[in-house]
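Fold and contact review
One-letter residues, chain by chain:
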Amino acid sequence: MRLGYPCINRQLACTFSTFRLKNFSEEKLIETIQKNLINLQKILSFNIKHGLYFFRISSDLIPFASHTICKYPWQMAFARTLAGIGQFIKKYQIRISMHPSQFVIINANDPAIIQNSIAELQYHANLLDALELDETAKIQIHVGGAYGNKMQAMTRFIDNYQKLSLPIQKRLVIENDDRLFSLHDCLFIHRHIGIPIIFDNLHHECLHNQESLAEAFSIAESTWHKDDGVMMLDYSSQAVGAPKGKHTESLDAEHFKRFLQAIPHHHCDVMLEVKDKEVSALRAIELLNHA
DNA sequence: GCCGGTCAAGGTCTT
DNA sequence: AAGACCTTGACCGGC
């Protein structure tokens, strides 16, 4: 089991800079990409040193990459640096994921939203390609909106998925969400197009069809093929007294131990979705080693 | 310096 | 109707 945390490292004060659209200039973009790539390498080095072998790369790595304002050929301009970081990732067998924002909605009714979503997915695929990573590096999204008719919304997802370019298709995975599309719904989609399901335990607690954690794990696992790598999971626990679905600030050790015991085996990669990032990830490694 | 309104982009639920 | 929530709070104008 590889453990990881999303996007930013607090100890290193490594975040990914962006800027306002109105301040866009090629110079500012280049400067920001340079800075962000240095920070990405710093975080990955930190992670190796601390035994964290799963990482979610921020979508902000290349700001405005999918916006029409961006004409800069970043993929070519930073080809060597990106390939170099990719070499590091492969050398240490780090698992990589990305999670585009809520604006990426494949099953939207509005063609403009779909078009923007595809452009954003293409950016994510281009980035992972520029890192020269194989298709075990995944891009995770939710099914999207329900628009008052879930079955139609799922059918639209299936139809629109089949129109996506191959580089996007081979990296795309869907995550069960906490309000609309359960694991069961994701499985329905999987059966039509073969897309793997990334399982989120907290979302499953919020919305499910009576499957136990162990059952849900096995169902999700069955959707991952050999070329996809071992299944990925998003792990978090409910913040007490907060709105349903809100993550805790830091790792709930007892909950995580129960999670490790409840799943059938540990041949999987677990993304810890907690606010304090690497701090909790390091505690999780301790718990895993003593499990 | 630092505070706080605002930021490319949606959809849903809660208050 | 407005705010919170989800990806990851950070940017930057105004004081």
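The sections below set out a description of the structure shown in this document. Sequence positions are assigned chain by chain, starting from 1 and proceeding in written order. To label them, take the chains in the order written and letter them from A, then take the ligands in the order written and number them from 1. Under the rules for a predicted model, residues below a pLDDT of 70 receive no local features and side-chain atom pairs below 80 are neither given nor counted, while totals for whole chains, interfaces and linings still include all residues. As a rule here, side-chain values come from all non-hydrogen atoms in the structure, and water together with hydrogens is ignored.

Some points on the overall build of chain A
Helix and strand counts for chain A stand at eleven helices and eight strands. Computation of the radius of gyration draws on C-alpha atoms alone. For the globule rule, the value is 2.2 Å times the number of residues to the power 0.38. For 291 residues, the compact-globule estimate of 2.2 N^0.38 gives 19 Å, and chain A sits close to it at 19 Å. Along the longest, intermediate and shortest principal axes, the C-alpha atoms of chain A span 55 × 45 × 40 Å. Three exposure classes are used, based on accessible area relative to the maximum for each residue type with a 1.4 Å probe and protein chains only: buried under 20%, partly exposed in between, and exposed over 50%. Within chain A, buried positions represent 53% of all 291 residues. For chain A, restricting intrachain contacts to residue pairs at least 6 apart in sequence, the fraction spanning at least 24 positions comes to 78%. Per-residue and other accessible areas follow the Shrake-Rupley method at a 1.4 Å probe size, with only the shown protein chains counted as cover for residues. Surface summary for chain A: the accessible area is close to 13,400 Å², and the carbon and sulfur share equals 52%. Charge counting treats Lys and Arg as positive and Asp and Glu as negative, with His and both chain ends excluded. Just so you know, the charge point we use is NZ for Lys, CZ for Arg, CG for Asp and CD for Glu. Computed over 30 positive and 31 negative side-chain charges, the inter-centroid distance for chain A is 4 Å. Helix and strand definitions here come from DSSP, where helices need a minimum of 4 consecutive H or I residues and strands a minimum of 2 consecutive E residues; each element is numbered from the N-terminal end. The contact criterion used throughout is that any non-hydrogen atoms of two residues lie within 4.5 Å.

Focus on the protein's contact with DNA strand B
A single heavy atom is enough: if one lies within 4 Å of a molecule or strand, its residue is considered near that molecule or strand. What surrounds DNA strand B is a group of 15 residues, the closest being Arg-20, Leu-21, Ala-146, Tyr-147 and Arg-179. Close to the protein, within 4 Å, the atoms of DNA strand B are drawn from sugar and phosphate at a rate of 47%. A 3.5 Å cut-off defines polar contacts: any pair of N or O atoms within that distance qualifies, except that in protein one atom must be a possible hydrogen donor and the other a possible acceptor, and neighbouring residues in sequence count only when both atoms are side-chain atoms. Within the contact set of DNA strand B, a base oxygen lies 2.9 Å away from a side-chain nitrogen or oxygen of Arg-20. Here Ala-146 contributes a backbone N or O atom positioned 2.8 Å from a phosphate oxygen of DNA strand B.

Regarding the environment of Cys-14
With respect to the helices, strands and loops of the structure, Cys-14 is situated in the loop between β1 (2-6) and α1 (26-49). Residue Cys-14 is classed as buried on the basis of its relative accessible area, which comes to 1%. The spatial distance from the C-alpha of Cys-14 to the C-alpha of Ile-43 is 7.2 Å, given a sequence separation of 29 residues. With sequence-adjacent residues up to four places away left out, Cys-14 is seen in contact with Ile-8, Asn-9, Asn-39, Lys-42 and Ile-43.

Structural notes on the side chain of Ser-117
Relative to the helices and strands, Ser-117 resides in helix α4 (residues 111-130). A relative accessible area of 1% places Ser-117 in the buried class. Polar side-chain contacts of Ser-117 include one of 2.7 Å to the backbone oxygen of Ile-113. Each residue touching Ser-117, except ones within four places of it in the same chain, is listed here: Phe-103, Val-104, Ile-105 and Ile-106.

Some words on the packing of aromatic side chains
Under the pairing criterion, centres of Phe, Tyr and Trp rings, with the six-membered ring standing for Trp, must be within 6.5 Å; the plane angle then separates stacked pairs below 30 degrees from edge-to-face pairs above 60, leaving the rest tilted. In the structure shown here, the tally under the stated rule is ten aromatic pairs. Each ring, one from Tyr-5 and one from Phe-55, has its centre 5.6 Å from the other, and the planes form 75°; the classification is edge-to-face. Remark: Phe-55 occurs in strand β2 (residues 54-57) and Tyr-5 occurs in strand β1; sequence separation between them is 50 residues. Centre to centre, the rings of Phe-88 and Tyr-92 are 4.9 Å apart; their planes meet at 55°, and the pair counts as tilted. For Tyr-92, a relative accessible area of 30% gives the class partly exposed.

Observations regarding the pattern of salt bridges
For this analysis, a salt bridge means a side-chain nitrogen from Lys or Arg found within 4 Å of a carboxyl oxygen belonging to Asp or Glu. Under the counting rule described, the total for this entry stands at nine salt bridges. The salt bridge partner of Asp-269 is Arg-2, with a shortest N-O separation of 2.8 Å. Of this pair, Asp-269 sits in strand β8 (residues 269-272) while Arg-2 is found in strand β1, placing the two residues 267 residues apart along the sequence. The residue Arg-56 makes a salt bridge to Glu-273 at a minimum N-O spacing of 2.9 Å. Here Arg-56 is found in strand β2, whereas its partner Glu-273 is found in the loop between β8 and α11 (278-289), with 217 residues between them in sequence. Neither Arg-56 nor Glu-273 differs from the other in exposure class; each is buried.

The values reported here are purely geometric and, on their own, carry no functional implication.
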